[in-house]
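# Structural characterization, general
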Amino acid sequence: MNRKLLAEFKYDLAPIVRGYNRRTLYLNVGTREITSKPVSEMMIEKFVGGKGFDLYLMWQGVKDDTKWNNPENEICISFGPLCGNTSYPGSGKSIVTTISPLTGIPVDCNVGGHFGPYAKFSGWDALEIQGKSAEEVIVYIDGDKGTVQIFTAPDEEINSHIFAEELIKEFADSPDKLQFVSVVSTGTAADHVNITCLNFSFWDKRRKVARLKQAGRGGTGTVFRDKGIKALVVKYSGLKVDTNNPVDLLTLQQTGLKLHKEIEAGDATQCRMHEVGTAHLMEVMNDYDLLPIRNFKYGQMPEAIGLHSREFTALFTQGMADGCWYGCSLSCCKAVDNFKPRTGPYKGQPVVVDGPEYETAAGCGSNIGIFDAKDVVEINFYCDTYGVDTISFGTSTAFVMECFENGILDLAKTGGLDLSWGNADAALELLHQMARGEGFGLTVGKGVRAMKAIFAKEYGADPAFLQDIGMEAKGLEYSQYMSKESLAQQGGYTLALKGPQHDEAWLIFMDMVNNHIPTFKDKAEALHYFPMFRTWFGLQGLCKLPWNDIEPANNAETSEPAKVPEHVQNYVDIYKAITGKPMDKIEMILQSERVYNFQKVFCMRMGKGRRIDDVPPYRAMGPVTEEEYLSRSERYDGQLKAKLNIDPIGKTTAEKMKITRDYREDQYQQLMDAVYERKGWTPEGVPTIEHLRKIGMDIPEVIEVVSRYL
Amino acid sequence: MKVLKTYPDKCIGCHSCESACANLYFKEDNAEKSCIVISTDFSPPAMNVCNQCQTCVAACPTMALTVNNQGVVMLNKSLCIGCLMCVAVCPTDSMRTCLGVHSPFKCIACGVCTKSCPTDAIKIVTE
Ligand code: SF4
Ligand code: SF4
Ligand code: SF4
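Not measured: the values here are computed from a predicted model. (Residues numbered from 1 in each chain as written. Chains lettered and ligands numbered in written order. Predicted model: local features only at pLDDT ≥ 70, side-chain atom pairs only at ≥ 80, totals over all residues. Heavy atoms only, no water.)

## Overview of the overall build of chain B
- If you tally the helices and strands in chain B, you get four helices and six strands.
- Counting from the amino terminus, helix and strand elements in chain B follow one another as β-α-β-β-α-β-β-α-α-β.
- Over its C-alpha trace chain B gives a radius of gyration of 14 Å, about what one expects of a compact globule, namely 14 Å for 127 residues.
- With the principal axes as the frame, chain B shows a C-alpha extent of 40 × 35 × 25 Å.
- Per-residue burial over chain B gives 48% buried out of 127 residues.
- Summarising the internal contacts of chain B: among those between residues at least 6 apart in sequence, 60% fall at separations of at least 24.
- Total accessible area on chain B stands at roughly 6,000 Å², and carbon and sulfur atoms take up 53% of it.
- Here chain B carries 10 positive and 9 negative side-chain charges, and the mean point of each set is 10 Å from the other. (Helix = DSSP H or I, 4+ residues; strand = E, 2+ residues; numbered from the N terminus. Rg over C-alpha atoms; globule rule 2.2 N^0.38 Å. Buried < 20%, exposed > 50% of the residue type's maximum accessible area, 1.4 Å probe, protein only. Contact = heavy atoms within 4.5 Å. Areas by Shrake-Rupley, 256 points an atom, 1.4 Å probe, with all protein chains shown as cover. Lys, Arg positive; Asp, Glu negative; His and termini not counted. Charge placed at Lys NZ, Arg CZ, Asp CG, Glu CD.)

## What to know about the interface of chain B and chain A
- Contacts between the two partners involve 22 residues from chain B and, on the opposite side, 22 residues from chain A.
- Surface buried jointly by chain B and chain A totals about 1,800 Å² across both partners, of which 62% is contributed by carbon and sulfur atoms.
- The interface formed by chain B and chain A holds zero salt bridges in total.
- Across the chain B-chain A interface, the total number found is eight residue pairs in polar contact (both at pLDDT 80 or more).
- Mapped onto the side of chain B that touches chain A, the elements with two or more residues apiece are helix H2 (55–59) and helix H3 (85–89) of chain B.
- The residue makeup of the side of chain B that touches chain A, split by class, is 17 nonpolar, four polar and one charged. (Buried area = accessible area lost by both parts, 1.4 Å probe. Salt bridge = Lys/Arg side-chain N within 4 Å of Asp/Glu carboxyl O. Polar contact = N/O pair within 3.5 Å; in protein donor to acceptor, adjacent residues only side chain to side chain. Nonpolar A, V, L, I, M, F, W, Y, C, P; charged D, E, K, R; others polar.)

## With respect to the side chain of Arg-632 of chain A
Residue and element names in this part refer to chain A.
- Within the secondary structure layout, Arg-632 lies in the loop between helix H23 (626–631) and helix H24 (633–644).
- For Arg-632, the side chain forms a polar contact with the main-chain oxygen of Gln-300, separated by 3.4 Å.
- Once residues within four sequence positions are removed from consideration, Arg-632 is found in contact with Asp-289, Tyr-298, Gly-299 and Gln-300.

## Remarks on the sheet that holds strand S5 (residues 94–99) of chain A
All names here are of chain A.
- One open sheet accounts for six strands, arranged S3-S2-S7-S4-S5-S6; its pairing is mixed. Because the sheet does not close on itself, it has two edges, and the strands there are strand S3 (34–38) and strand S6 (106–111). Across this sheet, the average inter-strand angle for adjacent strands is 20 degrees, counted without regard to direction.
- One ladder, built from five bridges, connects strand S2 (residues 23–28) with S3; its direction is antiparallel. In the strand pairing of S3, Tyr-26 is matched with Thr-35. (Pairing = 2+ DSSP bridges. Axes fitted to C-alpha atoms, helices over the stretch in contact; angles between N-to-C directions.)

## Observations concerning the site of ligand 2
- Around ligand 2, the structure places 13 residues, and the nearest of them are Cys-50, Cys-53, Gln-54, Cys-56 and Cys-90 of chain B.
- Residue classes in the shell around ligand 2 are distributed as seven nonpolar, five polar and one charged. (Near = heavy atom within 4 Å.)

## Quick word on the site of ligand 1
- Around ligand 1, the structure places Gly-90, Lys-93, Asp-322, Gly-323, Cys-324, Cys-328, Leu-330, Ser-331, Cys-332, Cys-333, Cys-543 and Leu-545 of chain A.
- Its residues assigned to classes, the shell around ligand 1 comprises seven nonpolar, three polar and two charged.

## Topic: the environment of Leu-630 of chain A
Residues and elements named next belong to chain A.
- Among the structural elements, Leu-630 can be located in helix H23.
- What makes Leu-630 partly exposed here is its relative accessible area of 48%.
- Counting along the chain gives 23 residues from Leu-630 to Thr-653, while the straight-line C-alpha distance between them is 7.8 Å.

## Comments concerning the packing of aromatic side chains
- Scanning the entire structure with this criterion turns up 42 aromatic pairs over all chains.
- Between Phe-381 of chain A and Tyr-382 of chain A, the ring centres sit 4.9 Å apart and the planes meet at 65 degrees, which makes this aromatic pair edge-to-face.
- For Phe-381 of chain A, a relative accessible area of 2% puts it in the buried group.
- On the basis of relative accessibility, which here comes to 0%, the residue Tyr-382 of chain A falls in the buried class.
- Each ring, one from Tyr-596 of chain A and one from Trp-681 of chain A, has its centre 6.3 Å from the other, and the planes form 15 degrees; the classification is stacked. In this pair, Tyr-596 of chain A sits in helix H22 (residues 585–605) while Trp-681 of chain A sits in the loop between helix H25 (653–679) and helix H26 (689–695), placing the two residues 85 residues apart along the sequence. For the pair Tyr-596 of chain A and Trp-681 of chain A, one class covers both residues: buried.
- Its guanidinium or amino end placed over the ring of Tyr-459 of chain A, Lys-413 of chain A lies 5.0 Å from that ring's centre, counting from NZ or CZ.
- Taking NZ or CZ as reference, Lys-10 of chain B lies 5.4 Å from the ring centre of Tyr-7 of chain B, over its face. (Phe/Tyr/Trp six-rings, centres within 6.5 Å; stacked < 30°, edge-to-face > 60°. Lys NZ or Arg CZ within 6 Å of the ring centre and 35° of its normal.)

## What to know about the packing of helix H12 (residues 390–405) of chain A against helix H15 (residues 448–459) of chain A
All names here are of chain A.
- It is the contact of H12 with H15, at a shortest axis distance of 10 Å, that shows an interaxial angle of 25 degrees. With respect to H15, the element H12 is oriented roughly parallel. Between H12 and H15 lies a crossing whose hand is right-handed. Listed contacts from H15 to Thr-395, Ser-396, Phe-399, Val-400 and Cys-403 of H12 are Val-448, Met-451, Lys-452 and Phe-455.
- Of the residues contributing to the contact of H12 with H15, the split by class is six nonpolar, two polar and one charged. (Parallel < 35°, antiparallel > 145°, perpendicular 65-115°, else oblique. Left-handed = near helix turned anticlockwise from the far one by under 90°.)

## Examining the sheet that holds strand S1 (residues 5–10) of chain A
Residue and element names in this part refer to chain A.
- Spatial strand order, S1-S9-S8-S13-S10-S11-S12: seven strands in an open sheet with mixed pairing. Looking at which strands have only one partner, the edges of the open sheet turn out to be S1 and strand S12 (209–215). Strand-to-strand, the axes of this sheet are offset by a mean angle of 20 degrees, without reference to chain direction.
- Bridge analysis of strand S11 (residues 198–204) against S12 gives seven bridges, and the strand direction is antiparallel. Along S12, the bridge assignment pairs Ser-201 with Leu-212.
- Taken strand by strand, helix H4 (residues 160–171) contacts strand S8 (137–142), strand S9 (147–152), strand S10 (181–185), S11, S12 and strand S13 (229–235), and its axis lies near 145 degrees from that of S10.

## Considerations on the domain arrangement of chain A
Residue and element names in this part refer to chain A.
- Taken domain by domain, chain A consists of domain 1 (5–235), domain 2 (268–477) and domain 3 (487–550 + 584–707).
- Here the C-alpha centroids of domain 1 and domain 3 sit 31 Å apart.
- Each side of the interface is counted separately: domain 1 has 37 residues, and domain 3 has 31 residues.
- In this assembly, domain 1 packs against domain 3 so that about 3,000 Å² is buried in total across both faces, 62% of it on carbon and sulfur atoms.
- Taken as a group, Lys-46, Trp-59 and Ile-105 account for 25% of the area that domain 1 buries against domain 3, more than any other trio of residues on that side.
- Taken together, domain 1 and domain 3 are joined by two salt bridges.
- Of the charged contacts, one joins Asp-64 and Arg-605 as a salt bridge, the two residues approaching to 2.8 Å between their closest N and O atoms.
- For the interface between domain 1 and domain 3, the tally reads 18 residue pairs in polar contact (both at pLDDT 80 or more).
- Those elements giving two or more residues to the side of domain 1 that touches domain 3 turn out to be helix H1 (41–47), helix H2 (51–61), S5 and S6.
- Ranked by residues supplied to the side of domain 1 that touches domain 3, first place goes to H2 with seven residues.
- Considered class by class, the residues forming the side of domain 1 that touches domain 3 number 17 nonpolar, 12 polar and eight charged. (Domains from an automatic or database assignment.)

## Quick notes on helix H19 (residues 520–540) of chain A
Residue and element names in this part refer to chain A.
- Across its 21 residues, H19 extends 31 Å between first and last C-alpha, which sits within 8% of the 30 Å expected from 1.5 Å per residue.
- Of all 21 residues in H19, 17 are buried; the element is thus mostly enclosed.
- Positive phi shows up at Gly-541, right after H19, with a value of about 85 degrees. (Expected span 1.5 Å × (residues − 1).)

## Considerations on the nonpolar core
Residues and elements named next belong to chain A.
- In terms of nonpolar packing, the biggest core is built from 172 residues, with Phe-312, Ile-379, Phe-393, Phe-455 and Tyr-571 touching the most fellow members.
- For this core, the leading source of residues is H19, giving 10 residues.
- Setting aside its immediate chain neighbours within four residues, Ile-379 contacts Cys-364, Ile-368, Ile-370, Phe-393, Ala-427, Leu-428 and Leu-431.
- Of all hydrophobic cores here, the second largest spans 44 residues; its members include Leu-27, Tyr-118, Ile-150 and Ala-215. (Core = buried A, V, L, I, M, F, W, Y, C linked by side-chain atoms within 4.5 Å.)

Right under this line is the structure:
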């Protein structure tokens, strides 16, 4: 490729000390400024790393009124002190943050692939990218030489499955060293729509292709393209077991080995991550009425048998070392080899498709009425390569399909697309339109919140109905679990800072199936502990899955099985082994609580700190339509009797629905009160100064923002 | 396939093979660093050594483990990143690790130990 060098920055290579480089890389693609910034003691103490560093850097970079497409908006990618160790499963995550085009507040994504560890070992604890380039660029970090370069990018193909591979081949020292290069890229849809993602590659030595992991949520790809960036490339060739320079390699290796053995012994009978990845959940969710079907109307349907995990197992190549980073023996990154799409620009060409994972199989399958695994694989492939988030695509498409069913949309409005449930051709065409920048796909690609406004204004649709069925909160589409029967999960989703993603709390089984958290106080405690515990992964550069998608054989006999105490202790041990600093399970939560509250205040600073932003659409809480109520009338009638002491006999469905709704909405309000109190926030959801002081997040800029709301 | 075969009935538990192996690969007379492990807690002694089953080969994320043309599983240290995933999957616990050694190690059926065995309790065979 004929590239022009636009800017270059040389830096000294220095070994990592106990998981930290103690410097971050600042890069302005507009002004071409490239500098190194020191990491202060305060940053480490209060923000730890990973998401904490991202948010801290971003806070300095943006203004109160910064919009996603302002040049000062940043894309930050950070790795955390534990990131990149090759001993403990799930240790290769990057955390991406930016001001999201969907929500206007910071979004954070936890993503695998080799980019993060390689960028870290190249010498950086975080990358901070600002500005907008007038011409298309790629950024190249050579971690072997110690240079950062900005090049022109005359490349024609930007769809990730081709572009990532081209760049890996271009920047690798030789054809036998492709595994030392990793790429961040998106695809053509990110030039046109908002529901986009970034792909982080890892070179799969066995398949000889670039595999792609997604920083999926919140439109990160759109910001990337708006900045004129086509790709980030990193090369680092020196990886060894001790590159992260831990103080106690032996403990680290032994703790990792213990978990490898547990996975080897237990995975085949527990979650089968090795065989089918997270798609193992498909029939479990369907059995419990939790699999989203037809825009979250139902949680179960006989047709869902078509998406049983065995259908995916049959498509996935078995027996591969499918970890998204070295040392992950859970190896959940399954792939369909030699897949030949039947539509679009790559029709008939054999490709490797990463996934589908559960979220994709549910969102781009059952939730839009598609029950053929191959259709899901094709949608998955095009989403990834075009840079579209499969979760937002699924939920947005489900929304327009329900609008189509209700006559809010028709063929004239969709440009001739028949958006009936299950029409895979139409769903794929929406995607191709997003990539081409034309047609109704452009509307769908704006996301559910924008569509609600458009359909009300332009098509005269009832805004209240759109609000009820439009599965978004804070502007972000819901991920793919039914929360109707779990009050705690309604909170888990809707109180999540970035918007309704399940990575903060997944409490459905604890709450609904096992009834372990019956009172508001119990639920509030769970909605405090789990989001904090899970935030810790994002501070350290870790994956959540090896925490509880494999359990020690005796876990059920422990006092708190939902927390998986032995694995919590593993994390304490490996943190100490790497950083040499003290740690226990209480300090873990405190580390998270500081950053969590900082993120909360950051959201408030950008205008979304209100209690009203934490309220779900009613579809997430209960039956919106008579059809939904009647499909589960036994359950709902039973609840009227059991919970409200109301005899359903003689009442119309509409009356019963109204009572159910009032009750559930009131329950949710009570839940919010309990959770805010537990988190140390006012009833309006504002962290109190006293609480911020207590947790050590009372830095002046935070107090200043909070004071505006108190 | 070339493999080191063991005959526990003949083993007298003298540990000579362990010394030979550790001396050859680690220049140390340290049974912890031997690819073959003799345990005299049992009678006859338990003799643990790689049977070249290749299970570990598929598990290695960097393809540091390969099978040579004699059917012996070889570990390329320059590719190994010390994750120990191979150790966990070995069905016979014959992929070895030891304090202070970054990469695991295993029997490569070189046969040096057989020369030190006074009773012919170990033998290189081709199966
Ligand atoms: S469990 Fe899966 S996603 Fe997590 S690190 Fe391992 S391979 Fe990657
Ligand atoms: S080390 Fe273990 S898994 Fe590998 S070939 Fe030998 S016996 Fe088989
Ligand atoms: S320890 Fe080395 S040889 Fe064993 S699986 Fe890991 S990288 Fe491969």
